[in-house]
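# A structural walkthrough
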Amino acid sequence: GLTGIFCHFVLKIAILESFLIGAVISSTDAASVFSILRSKKLNLRENTASLLEVESGSNDPFAYMLTAVVLGIMNGSASGPKIAYMLFAQVAYGAVAGVVVALLALLFLKHVKDNTGNISAIFILAAALVAYAAPTVLGGNGYLSAYITGIILGNRRIPNKSVLVSFFDSTTGLMQMLLFFMLGLLAFPSQLPNVALVGLLIALFLTFVARPVAVFAILTPLRASVRQSLIVSWSGMRGAASIVFAILAVIDPAVIDNDIFHIVFFIVLFSILVQGTLLPAVSRKLKMIDE
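The rules behind these values
- Residues numbered from 1 in each chain as written.
- Predicted model: local features only at pLDDT ≥ 70, side-chain atom pairs only at ≥ 80, totals over all residues.
- Heavy atoms only, no water.
- Helix = DSSP H or I, 4+ residues; strand = E, 2+ residues; numbered from the N terminus.
- Contact = heavy atoms within 4.5 Å.
- Axes fitted to C-alpha atoms, helices over the stretch in contact; angles between N-to-C directions.
- Parallel < 35°, antiparallel > 145°, perpendicular 65-115°, else oblique.
- Left-handed = near helix turned anticlockwise from the far one by under 90°.
- Core = buried A, V, L, I, M, F, W, Y, C linked by side-chain atoms within 4.5 Å.
- Buried < 20%, exposed > 50% of the residue type's maximum accessible area, 1.4 Å probe, protein only.
- Salt bridge = Lys/Arg side-chain N within 4 Å of Asp/Glu carboxyl O.

Let us now look at the environment of valine 70. Positionally, valine 70 belongs in helix 4 (residues 48-74). Through-space distance from the C-alpha of valine 70 to that of glutamine 176 is 27 Å; in sequence the pair is 106 residues apart. Excluding anything up to four places from it in sequence, valine 70 contacts Leu16, Phe19 and Leu20.

Before going further, it helps to examine the side chain of serine 242. Within the secondary structure layout, serine 242 lies in helix 11 (residues 240-251). Those residues within four positions of serine 242 in sequence are excluded, and the remaining contacts are Val24, Ile25, Ser27, Val264 and Val268.

On to the packing of helix 2 (residues 15-24) against helix 4, then. Describing two packed helices takes the angle between their axes plus the distance from one axis to the other. Running from amino to carboxyl end, helix 2 crosses helix 4 at an angle of 160°, the nearest separation of the two axes being 8 Å. The pairing of helix 2 with helix 4 is recorded here as roughly antiparallel in orientation. Crossing geometry of helix 2 relative to helix 4 is assigned as left-handed. Residue-level inspection shows Leu16, Glu17, Phe19, Leu20, Ala23 and Val24 of helix 2 in contact with helix 4, the latter providing Ala63, Leu66, Thr67, Val70, Leu71, Ile73 and Met74.

Another point: unusual backbone geometry. With a phi close to 60°, lysine 12 is a non-glycine residue in the positive phi region. With respect to the helices and strands, lysine 12 occurs in the loop between helix 1 (2-9) and helix 2. Positive phi, normally seen in glycine, also occurs at asparagine 160, with a value near 60°. Mapping asparagine 160 onto the fold places it in the loop between helix 7 (142-154) and helix 8 (161-186).

Okay, the nonpolar core next. Ranked by internal contacts, the top residues of the largest apolar core, which has 38 residues, are Leu20, Ile25, Ile202 and Val264. In terms of residues, this core owes the most to one element, helix 12 (residues 260-285), which gives nine residues. Discounting chain neighbours no more than four positions away, the residues touching valine 264 are Val24, Ile25, Ser242, Ile243 and Ala246. Ile36, Leu44, Met237 and Leu286 belong to the second largest nonpolar core, which has 18 residues in total.

Under the counting rule described, the total for this entry stands at two salt bridges. Here arginine 227 ties to glutamate 46 by a salt bridge, and the two come within 3.7 Å at their closest N and O atoms. In this pair, arginine 227 sits in helix 10 (residues 226-234) while glutamate 46 sits in the loop between helix 3 (30-39) and helix 4, placing the two residues 181 residues apart along the sequence.

As structure tokens, this is what we get:
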């Protein structure tokens with residue numbers, strides 16, 4: 001919301017397009033944060049790592065819903081009742097599907113003997129795909145469903161769990177490479193200078209104003225320390241999810257005047273280069289490193 005207001009009143013972008021930009025870049029990327037922390041062998045105090053993980057995993061579905069709502073208004077396909085039902089369907093169907101798929105998967109794993117873990121790995125991969133696809137057919141949120149399924153399965157005692165963790169670590173690495181390869185095919189570096197100023201101003205506002213205001217507004221009533229709020233504010237890096245949502249905006253029939261894809265691409269590059277590079281130093285400066 002804050003980013004949308006900034007884009008409209010400062011950068012003079014159309015109001016709906018401004019909020020579309022805000023929606024697209026509202027998702028944070030935990031993978032980037034944890035990749036940096038692991039490579040530097042750093043852990044954060046006050047359970048901040050877990051907080052960032054939950055935030056990043058849960059805000060992808062909501063960023064998707066915000067993007068879908070704004071695009072629906074822009075292309076004229078969404079009205080008040082339609083938006084209300086879509087939000088209900090996204091959350092309700094997504095949450096229910098996530099729980100149901102997880103419970104069925106646990107029931108299967110409990111009754112099937114698998115000494116090597118190979119069958120279990122393939123089965124859980126299939127369960128993840130079903131968790132995403134099933135609610136999507138009904139208008140639910142596949143991201144939310146898959147996330148809930150993963151949380152439930154990941155926090156239960158299941159056979160060959162160490163094998164499964166190794167398998168999904170490798171699978172995650174492969175998916176990230178494929179995703180960034182696809183993004184590289186879609187991005188044109190020659191377009192970045194044209195959006196550099198707009199992208200830089202949005203990135204600076206997002207990093208130093210919008211994100212800190214939102215984080216402090218939420219964490220202060222929960223009695224989080226100032227140091228924790230500051231490191232959470234700095235750790236809100238944008239990543240591949242924002243670029244994927246930008247692709248959804250570009251292929252939508254809604255009329256968009258600005259090159260949103262490359263604006264978002266620039267913001268993500270800025271976020272990873274600046275916030276990512278300085279994250280270890282900021283963590284040490286705030287004395288948030290847990291040795």
